[in-house]
Amino acid sequence: MSYLDKYKRLNPSAGLNLRDQRVNDTRRSFESRFMNTPSYFKVKSAYTDVYYDLLINDSSDLKDQKSITTTIDSPIKLGESIQWDNDIWMVIHFDSNLGDVYKRGRLYQCLGKLKWLDINGELHETWFTYRTTESGNLGIENGKILSLGDETRQLIIQHNEYTDLFVKEQRFMFDRSAWKISSIDRLSDGLIYLVLQQDTYNSTTDNLELGIADYYGKVVDYKVDILNRDVTAFKVAETLQLNVKVTNRDIPIEAVVTYSSSDESIATINANGTIVAIAKGSCVITAEYKDVSDSIQLNVIEDVVNNYSAEITGDDYIKYNMIKTFTVIFRNNGTQQVDKSRFWITELNGEATTLATITEQNEIENTCKVKAGNKKGYVLLHVENGSGLSQTSKKIEIKSLL
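Computed from a predicted structure; not experimentally measured.

### Notes on the overall build of the chain
For the chain, the count of helices and strands is 2 helices and 31 strands. Counting every position in the chain, which comprises 402 residues, the buried fraction comes to 40%. For the chain, the proportion of contacts with a sequence separation of at least 24, taken over those separated by at least 6, is 53%. Accessible surface, the chain: about 22900 Å² in total, of which carbon and sulfur atoms supply 47%.

Below you can see the structure in the form of structure tokens.
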């Protein structure tokens, strides 16, 4: 190895030009003294558990703005909000030409949060600050809030996967008022600039106390229902497919349900909801979705005890003079049975009715057709199997055409 090669090996900067050497020396000097200055603070992200090392100083006569300096490799980015001095501050600017020695930027004090519910009813929130006339220029000392009229606000928020979905006319609540987006500017990396126009507060949809616009009707109300919960007993080695319905605000939704058994030595259930009886005994089978669940008590026995049931499927209403078809499914211990059916219709009190009539029924296909009259009310559609051991009824509303 030559003397030159040995020198370069012991002095990694030897292969650099003079400017690069000076940059490296200056960077090392800055980083060695960085944490010993009075303006050094270790601050925490307002969104995560990430911490940042910053120098924070007054950058103007305005107390709601601060300048920051940090190492060139600091992970802090535009749009990040930090906790400092008992307030939340947002990074709204970084200088780009500082010789690769350090990063310098600006913080604006956050004034509140935008809160909203997404299409699934899940709550999201993001900090915001008002935009000023400084346009990120650190050389200007006196900033002013952009004035767009008493009924307009111009905000800066973080650009992330959730705020990227914002659309015009989307509504928010803050400053005890309702606002809607009139303009969206996503051109700045890490930031979104919003112009919001004051909107009319709607007490039937907006939640002023929580600060969420269009709250009612979007808030989630998940329910999990095990439909074949009449199954109470079956033999060892038998299987059963659990039938589960998940709704949000009473509307059925597609959902990935998690299943569990309280005692897998008695019965197991797989990810698809198939139960397998293992040994005689009792256990609880649970279906869960987003912390909402439903359960059934399961008894595994040596001899099957018949547990007959029937279920009528079809709409809950019929409009005047219209005909609708209804189907019955007969089960024994949750297993569908082939059987004959007999339908009849009555008033809610069991008396004969003139509100609707059965025009046709098929005892083999287990269907019937019901025709509504032209008077409002409710009827009961009854059905039983050939032996009469499986019976059920369905309440049907007779509605006007309007």
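### Considerations on the nonpolar core
For soluble globular proteins, the rule of thumb is that nonpolar side chains tend to be buried together. Counting residues in hydrophobic clusters, the biggest one holds 23 residues, and the most contacted among them are Leu-242, Val-244, Tyr-259, Ile-275, Ile-285, Ala-287 and Leu-298. Those elements that place two or more of their residues in this core are β13 (222-226), β16 (244-248), β19 (267-269), β20 (274-277), β21 (281-289) and β22 (292-301). Among the elements that make up this core, the one with the highest residue count is β21 (4 residues). In this structure, Ile-312, Phe-326, Ala-372 and Leu-381 belong to the second largest nonpolar core, which totals 19 residues.

### Remarks on the confidence of the model for the chain
In this model, the chain carries a mean pLDDT of 86, and residues with pLDDT of at least 70 account for 86%. Between residues 1-10, whose pLDDT stays under 50, and residues either more than four places distant or in other chains, the model counts 4 contacts. Segment residues 134-149 is flagged for pLDDT under 50; beyond a separation of four residues in sequence, or across chains, it makes 33 contacts in the model.

### Some points on the sheet that holds strand β17 (residues 251-252)
Reading across from one edge, β13-β16-β17 is the order of the 3 strands in this open sheet, with antiparallel pairing throughout. Because the sheet does not close on itself, it has two edges, and the strands there are β13 and β17. Pairing geometry for β16 and β17, over 2 bridges, is antiparallel. The partner of Thr-247 across the bridge, within β17, is Pro-252.

### Some words on the environment of Ser-183
Looking at the element boundaries, Ser-183 is found in strand β11 (residues 177-185). Look at Ser-183 and you get partly exposed, because its relative accessible area is 31%. In this structure, the C-alpha to C-alpha distance between Ser-183 and Val-167, residues 16 residues apart in sequence, is 8.7 Å. Discounting chain neighbours no more than four positions away, the residues touching Ser-183 are Lys-168, Tyr-193, Leu-194 and Val-195.

### Here we look at the sheet that holds strand β2 (residues 51-58)
Around the barrel, 6 strands lie side by side as β1-β2-β3-β6-β5-β4; this closed barrel has antiparallel pairing. Ignoring strand direction, the axes of neighbouring strands in this sheet form an average angle of 45 degrees.

### Topic: the pairing of β21
Pairing analysis gives 4 bridges linking strand β18 (residues 258-261) to β21, with the strands arranged antiparallel. Note that in β21 the partner of Thr-258 across the bridge is Glu-288. Here β21 pairs with β22 via 9 bridges, running antiparallel. Each bridged residue has a counterpart across the sheet, and for Ile-285 the counterpart in β22 is Ile-296. A loop of 2 residues connects β21 with β22, the two strands running antiparallel in sequence, and Lys-290 in this loop sits at a positive phi of about 50 degrees.

Cut-off values and rules
- Residues numbered from 1 in each chain as written.
- Predicted model: local features only at pLDDT ≥ 70, side-chain atom pairs only at ≥ 80, totals over all residues.
- Heavy atoms only, no water.
- Helix = DSSP H or I, 4+ residues; strand = E, 2+ residues; numbered from the N terminus.
- Buried < 20%, exposed > 50% of the residue type's maximum accessible area, 1.4 Å probe, protein only.
- Contact = heavy atoms within 4.5 Å.
- Areas by Shrake-Rupley, 256 points an atom, 1.4 Å probe, with all protein chains shown as cover.
- Core = buried A, V, L, I, M, F, W, Y, C linked by side-chain atoms within 4.5 Å.
- pLDDT = per-residue confidence, 0-100.
- Pairing = 2+ DSSP bridges.
- Axes fitted to C-alpha atoms, helices over the stretch in contact; angles between N-to-C directions.

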